[in-house]
Amino acid sequence: VLTAGNAAPGANANVSVVSNLANAIWRNVDVVIGGENLLQSFDNSYNIGSWFDIVLNSSRVRAPYLLQKEVFWMDDADNKANSEDPAIYPALEGGVRPATVNRGALKRSKMIDQGKQVTLISDLNCSLFKSGKLLPHNLDVRVSLTKNYDGYMLLEAENGTHKVQFQKCYLRVTMQQPSDFCLNLMEEKLLKTPAIYQAEEGKVSFHSITAGNTMVTVNNLFPQGRLPIMFSFGVQDRVALGNARNKNPFTFHPMKRVQIYIDGKPYFPSALESKTMHFDTFYQTLGYKNAGECFIDPDNYPIHPLITVDLTADRTANKHHLNLSQTGEVKLDIEFEQNTNDGLTLIVYSYYDRIIEINSDRGVRVL
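Remember, it's a predicted structure, so these values are computed and weren't measured experimentally.

**Some remarks on the pairing of strand E6 (residues 195-198)**
Looking along a regular strand, one sees the side chains alternate between the two faces of the sheet.
(1) Moving on: Covered by surrounding structure in E6 are Ala195 and Tyr197 only, the residues Ile196 and Gln198 on the alternate face being uncovered.
(2) Moving on: Sheet topology note: the E6/strand E17 (residues 355-358) ladder contains four bridges and is antiparallel. Looking at E17, one finds that Tyr197 is bridged to Ile356.

Dropping the structure here:
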């Protein structure tokens, strides 16, 4: 991180990076195989999806590892406003420096202060590459990466001018070299039946929230009709998803009361009406109520107030087995403490079970 004049920032410069830096550096990521793009292709869908994947599926014991590898460290503040406070190093008062209100931003700032270089190592968040099965050889794979805006990657005052400078970028690929006998067997089998891969798909969607109301209804959350096996949602500022240095794209606004309707029927026996109910439901849906954990805990939940919903028939999406797709209509009722401001958006991250077929011609079909 450098100044506008390409110099190293001075000591105690009020600039930090967002919590998901290794993925936030990319505004768009495309993985095209056999002419089929396996990722969503709109601004910041990739890094938002990767944040949800890491946060919801990682134990806290991995936090030091991800800090070193990706400069990934959760924000730690009392509320959304404090998570966006530009005073990483508050001004001295009587010779004493007050505590930083976003402790997570301070920790990340120390990783990049005074122009320190960092090496970021991040797995390409494409589920097909995470499959335990080998992909066929001679497969045409094209990866496209677009650098993000400096304002999205950095946390500082609105009129800040720091920038992120790349030195090098590598794509590290792990390959296997089967024997000719195995390759011939694979080709013979592909001539008869395509190779099948079970590959989860994470999808990000945005839904506008009407300004000036305490009660907001979002209808037809999945307009295509096909329901995910699980989805999580939170409320964000629309400008945080662009080039605003003073907005944090990975912390969210609180909700007072939530109810979800599936084909007109309420999902929860009664609406979730307190932070305790919200967090308890969030952990129970993820399967962590009695054992396990994720990066969101009771201490940082006030700035990561997500709700997660399991739409499988037996509500076991967290067991990671293949579930049959369902269709239907989902409606959300969200109540806020105060009238909503202009420019709020609902971010929804949905998990779908997906089957990918690759045939002998290396054609790809997504089912």
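From this point, things continue past the structure.
**So, the side chain of Arg27**
(1) Moving on: Note that Arg27 resides in strand E2 (residues 26-33).
(2) Moving on: Note on Arg27: relative accessible area 17%, which makes it buried.

**A look at the sheet that holds E6**
(1) Moving on: Spatially, three strands are ordered E6-E17-E18 in an open sheet, and the strand pairing comes out antiparallel. Every interior strand has two partners, whereas the edge strands, E6 and strand E18 (364-366), have only one. Strand-to-strand twist in this sheet, taken as the mean axis angle between neighbours without regard to direction, amounts to 20°.
(2) Moving on: Bridge count for E17 against E18 is three bridges, and the pairing is antiparallel. Bridging from a neighbouring strand, Ile356 pairs with Val366 of E18.

**Concerning the pattern of salt bridges**
(1) Moving on: Counted according to the given criterion, the structure contains 18 salt bridges.
(2) Moving on: Arg60 serves as the salt-bridge partner of Asp297, at 3.2 Å between the closest nitrogen and oxygen. Of this pair, Asp297 sits in the loop between helix H8 (275-286) and strand E13 (307-310) while Arg60 sits in the loop between helix H2 (45-57) and helix H3 (63-70), and the two are 237 residues apart along the sequence.
(3) Moving on: Close ionic contact of Asp78 with Arg103 constitutes a salt bridge, the shortest N to O distance being 3.9 Å. Placement of the pair is Asp78 in the loop between H3 and helix H4 (80-83) and Arg103 in helix H5 (residues 103-112), with a sequence separation of 25 residues.

**As for the sheet that holds strand E4 (residues 141-147)**
The strands that make up a sheet are held in pairs by hydrogen bonds between backbone atoms, and each pair lies either parallel or antiparallel.
(1) Moving on: The strand order across the open sheet built from three strands is E3-E2-E4, with neighbouring strands paired in antiparallel fashion. With one partner strand each, in any of the chains shown, strand E3 (36-37) and E4 form the two edges of the open sheet.
(2) Moving on: Sheet topology note: the E2/E3 ladder contains two bridges and is antiparallel. Residue pairing for E3: Ile33 is matched across the bridge by Glu36.

**Quick notes on the pairing of strand E10 (residues 230-237)**
(1) Moving on: Counting buried residues along E10, eight of its eight residues qualify, which places the element largely inside the surrounding structure.
(2) Moving on: Burial of E10 is two-sided: the residues Met230, Ser232, Gly234 and Gln236 facing one way and the residues Phe231, Phe233, Val235 and Asp237 facing the other way are all buried.
(3) Moving on: Where E10 meets E13, four bridges bridge the pair, whose relative direction is antiparallel. Pairing of Met230 across the sheet is with Asp310, part of E13.
(4) Moving on: Here eight bridges tie E10 to strand E16 (residues 344-352), and the two strands are oriented antiparallel to one another. Paired with Val235 across the two strands is Leu346, which belongs to E16.

**Brief notes about a nonpolar patch on the surface**
(1) Moving on: A surface patch of nonpolar side chains, amounting to about 630 Å² of accessible area, comprises Phe129, Val141, Val143, Leu145, Leu171, Val173 and Met175.
(2) Moving on: Position of Val143 among the secondary structure elements: in strand E4.

**Digging into the environment of Ala8**
(1) Moving on: Within the secondary structure, Ala8 sits in the segment before strand E1 (16-17).
(2) Moving on: Distance from Ala8 to His162, taken between C-alpha atoms, is 9.6 Å for residues 154 residues apart in sequence.
(3) Moving on: Residue contacts for Ala8: discarding those within four places in its chain leaves Leu2, Thr3, Gln114 and Gly115.

**Focus on the packing of aromatic side chains**
How two aromatic rings sit relative to each other is set out by the distance from centre to centre and by the angle between their planes.
(1) Moving on: Summed over the entire model, instances satisfying the criterion amount to 19 aromatic pairs.
(2) Moving on: For the pair Tyr349 and Tyr351, a centre-to-centre distance of 5.2 Å together with 75° between the ring planes defines the contact as edge-to-face. In terms of burial, Tyr349 and Tyr351 fall into one category: buried.
(3) Moving on: Directly above the ring of Tyr197 sits Lys133, whose terminal nitrogen or CZ lies 4.7 Å from the centroid.
(4) Moving on: For Lys331, the ring lying beneath its charged end belongs to Tyr261, and the centroid distance is 4.7 Å.

**Brief notes about unusual backbone geometry**
(1) Moving on: For Gln114, which is not glycine, the phi torsion reads 55° and is therefore positive.
(2) Moving on: With a phi close to 50°, Asn220 is a non-glycine residue in the positive phi region.
(3) Moving on: Note that Asn220 resides in the loop between strand E8 (215-218) and strand E9 (226-227).

Procedures and definitions
- Counting starts from 1 at the beginning of each chain's written sequence and moves along it residue by residue.
- A pLDDT threshold of at least 70 governs which residues receive local features in this predicted model, and a stricter bar of 80 or more applies before side-chain atom pairs are shown or counted, although totals over entire chains, interfaces and linings include all residues.
- Water and hydrogen atoms play no part in the side-chain values, which are based on all heavy atoms of the structure.
- The classification of residues rests on relative accessible area computed with a 1.4 Å probe and restricted to protein chains. Under 20% of the type maximum is buried, over 50% is exposed, and intermediate values are partly exposed.
- We count a stretch as a helix when DSSP gives it H or I for four or more residues in a row; a strand needs E for two or more, and each element gets its number in order from the N terminus.
- For two strands to be treated as a pair, DSSP must find at least two bridges joining them.
- To obtain each axis, a line is fitted to C-alpha atoms, and for helices this fit is confined to the stretch in contact; angles are then taken between N-to-C directions over 0 to 180 degrees.
- Salt bridges are identified by distance alone: a Lys or Arg side-chain nitrogen within 4 Å of an Asp or Glu carboxyl oxygen.
- For patch detection, residues must exceed 30% relative accessible area and be free of salt bridges, and they are connected within 9 Å for like charges or within 5 Å for nonpolar side chains (Val, Leu, Ile, Met, Phe, Trp, Tyr).
- Using the Shrake-Rupley algorithm and a 1.4 Å probe, accessible areas are obtained, with residue cover drawn only from the displayed protein chains.
- Any pair of residues with heavy atoms lying within 4.5 Å of one another is described as a contacting pair.
- Note on aromatic pairs: the rings of Phe, Tyr and Trp (six-membered ring only in Trp) are paired at centre separations within 6.5 Å, and the planes decide the class, stacked below 30 degrees, edge-to-face beyond 60, tilted for the rest.
- Charges are assigned to positions over rings by a cutoff of 6 Å between ring centre and Lys NZ or Arg CZ, combined with an angular limit of 35 degrees from the ring normal.

Interpretation in functional terms is not warranted from these geometric data alone.
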